[in-house]
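Examining the three-dimensional arrangement
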Amino acid sequence: MSIPRIDELTQHVGRAVRVYGWVTHLRSSGKIAFIVLRDGTGEMQGVLVKTQVSAEVWERFAALTIETSVALTGEVRIEPRSPGGIEISVTELEIIGASPLDYPIQPKEHGIDFLLDHRHLWLRSPRQRAIARVRSEIEQAIHDFFYARGFVRVDTPILTAAIGERSGLFETEYFDEGSAYLAQTGQLYGEAAAAALGRIYTFGPTFRAEKSKTRRHLSEFWMIEPEVAWNDSDDNMRLQEEFVTNLVQRALERCARELSVLERDTSPLTLVSPPFPRLDYGDAIQFLKQHGRSIAWGDDLGAEDEAVIVAEYDRPVFVVNYPREAKAFYMKENPADPRTVLCDDLLAPEGYGEIIGGSQREDDHDKLLTRIRAEGLPETAYDWYLDLRKYGTFVHSGFGLGLERTISWICGLGHLRETIAFPRMMNRLRP
RNA sequence: UGGGGCGUAGCUGAGCUGGCAAAGCGCCGGACUGUUAAUCCGGAGACCGGUGGUUCGAGUCCACCCGCCCCAGCCA
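Quick caveat: nothing in here was measured; it's all calculated off a predicted structure. (Residues numbered from 1 in each chain as written. Chains lettered and ligands numbered in written order. Predicted model: local features only at pLDDT ≥ 70, side-chain atom pairs only at ≥ 80, totals over all residues.)

**What to know about the packing of helix α4 (residues 126-148) against helix α6 (residues 233-254)**
The criterion, for reference: Note on geometry: axes are C-alpha line fits, over the in-contact stretch for helices, and angles between N-to-C directions span 0 to 180 degrees. We count a stretch as a helix when DSSP gives it H or I for four or more residues in a row; a strand needs E for two or more, and each element gets its number in order from the N terminus. Roughly parallel here means an angle under 35 degrees, roughly antiparallel means over 145, roughly perpendicular means 65 to 115, and every remaining angle is called oblique. By definition, any crossing whose near helix is turned counterclockwise from its far helix by less than a right angle is left-handed, and any crossing with a clockwise turn is right-handed. The contact criterion used here is simple: two residues whose C-beta atoms, placed from the backbone, lie within 7 Å are in contact.
Taken N-terminus to C-terminus, the directions of α4 and α6 make an angle of 135°; their axes are 9 Å apart at the nearest point. Judged by the angle between their axes, α4 and α6 are oblique. For the crossing formed where α4 meets α6, the hand is right-handed. Only Phe243, Asn246, Leu247, Arg250, Ala251 and Arg254 of α6 make contact with α4, whose side of the interface consists of Val134, Glu137, Ile138, Ala141, Ile142 and Phe145.

Next up, the structure:
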């Protein structure tokens, strides 16, 4: 007897099979009973008729509960009335693992706190499965995109000395070396790798100990950070718009079913194509003033400011060349206006905000050292980073794409916490 | 960390100016041979987040504490 997965059942019509899975739904009408079974690849329905099964099987059905794991044996039929379109006439029903009556997740509304407390079980529900599949598809698309363009994937350390940016760090003891910190970015290591390999990208978890409680922040999130030797800031933005367009297209092509489960209106996504508008920071400030925002040159853009800008366009928007003080120390001074740096933020439409931060990197050794000192950063921690400018400096650029923010936008979600299997937030370390 | 909101049955959630704590889902018992979150009849299940206070009387008013949600900041 063959033991197909549910997504393979159409190849077994007319034959008897055994299918393993979890009971997601039970219905009974006296002498006929239905079991909806889920195995991760799909859903199907088993039907039992009392007069056609043994008394033992009928009694076993009566004992079934939601999320019991079972094996159903019977002949496969095409059946339009079945969820999944396929049905098994059950002749044998084996209970693998019983499930008590208090299974907490019901097919109804629950509060978010309750759901996150039961995240390990919530993952089994259709919406969460759809999001997980979109995430997996986008991750694969990322690797495919860079592989096709000759990029080398480089894995950067998670335990680091104090380097990176200014926001909060998670600290831990590290042998005799004092404190280690969970990485906020792999970028600096990516720059070293770019000098060795030309075009690289990193793909890994990053950590921020900021006490932020918003729909757009997690303590642990995954970031994709390409770094390309000899790319200037314009090359960098062209790579970004091509990359983001590619990911959106991939989701539209390969995740139509999942996006439908998520009730995502895909029409805004179909508009995403290069080139994305580029708005100079100074022009953005002018624009915001004209729209009644109280903002001055030098200020960073707030969430409301971003929303006003994004509302003007039907696709992601670059805001480029911010004032130096608003940005990280490693960004290259803008030759056309030294008050600013060669950088870009990519703002996603529909209120999703920043999904990418990118820049050309400062390749002048002395200017970089001046910046490190001006920010009061520990100079000794950056000696190796300065070496990249000492031994054959090179024009290079890169960016960081927030995976969860990108998934949240593509799936049309209200909060980052659903985009990752086990989200880490300031008040949530379990499950 | 600042501003706003919320906490009532396993879950969701009414409860007005203080006076016997709704309902739905789930669960239990019963009916039903094609159900789709099945339907119909019956049932159990609540020290109303905690501590103190006001009052003849507090889920309701007050103080403090705890927890959560939303917004802002930080950023991806």
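**Points about the protein's contact with RNA strand B**
Worth spelling out the cut-off: We call a residue near a molecule or strand when its C-beta atom, built from the backbone, sits within 6 Å of it. Under the scheme applied, nonpolar residues are Ala, Val, Leu, Ile, Met, Phe, Trp, Tyr, Cys and Pro; charged residues are Asp, Glu, Lys and Arg; polar residues are all the others, including Gly.
Among the 56 residues in the neighbourhood of RNA strand B, the closest are listed as Gly30, Arg81, Gly111, Gly302 and Gly357. By residue number, the principal contributor to the surface near RNA strand B is strand β15 (residues 353-360), which donates 5 residues. Its residues assigned to classes, the surface near RNA strand B shows 17 nonpolar, 21 polar and 18 charged.

**Considering the sheet that holds strand β9 (residues 179-182)**
Either a parallel or an antiparallel arrangement is found when strands of a sheet pair, and the pairing is made through backbone hydrogen bonds. Let me state the cut-off plainly: Two strands pair under a simple rule: DSSP has to find at least two bridges between them.
Across the sheet, 3 strands lie side by side as β7-β9-β8; this open sheet has antiparallel pairing. In this open sheet, the two edge strands, each paired with only one partner strand, are β7 (159-160) and β8 (171-173).

**Some details on the nonpolar core**
Just so we agree on the cut-off: By definition, a nonpolar core groups buried Ala, Val, Leu, Ile, Met, Phe, Trp, Tyr and Cys residues that are joined through C-beta atoms within 7 Å. Counting other C-beta atoms within 10 Å of each residue's C-beta, where C-beta atoms are placed from the backbone, gives the exposure class: buried for 20 or more, exposed for 12 or fewer, partly exposed between.
Val134, Leu247, Ala251, Phe318 and Val319 are the most contacted members of the largest nonpolar core, which has 61 residues in total. Among the elements that take part in this core, α6 stands out by supplying 7 residues, more than any other. Setting aside residues up to four positions removed in sequence, valine 134 forms contacts with Ala251, Cys255, Glu258, Ile407, Ile410 and Cys411.

**Considering the domain arrangement of chain A**
It is common to give the size of an interface as the accessible area lost on bringing the parts into contact. Counted only if it meets this: Delimitation of the domains relies on an automatic or database domain assignment.
For chain A, the assigned domains read domain 1 (6-97) and domain 2 (119-418). Each of domain 1 and domain 2 has a C-alpha centre, and the two are 47 Å apart.

**Some details on the confidence of the model for chain A**
For the record, the criterion: One number per residue, pLDDT, summarises how confident the predictor is, and it ranges from 0 to 100.
Chain-level pLDDT for chain A is 92 on average; 99% of the residues reach the 70-or-more range. The complex prediction reports pTM at 0.93, with the ipTM value standing at 0.87.

**Some details on the sheet that holds strand β1 (residues 16-28)**
With respect to topology, 5 strands assemble into a closed barrel ordered β1-β2-β3-β5-β4, the strand pairing being mixed. For this sheet, the mean inter-axis angle between neighbouring strands, taken without regard to orientation, is 55°. The sheet contact formed by strand β2 (residues 32-38) and strand β3 (residues 43-49) spans 7 bridges and is antiparallel. The residue bridging isoleucine 35 from the neighbouring strand is glycine 46, located in β3. Sheet contacts for helix α1 (residues 55-63): β2, β3 and β5 (86-97); angle to β5, the most-contacted strand, approximately 75°.

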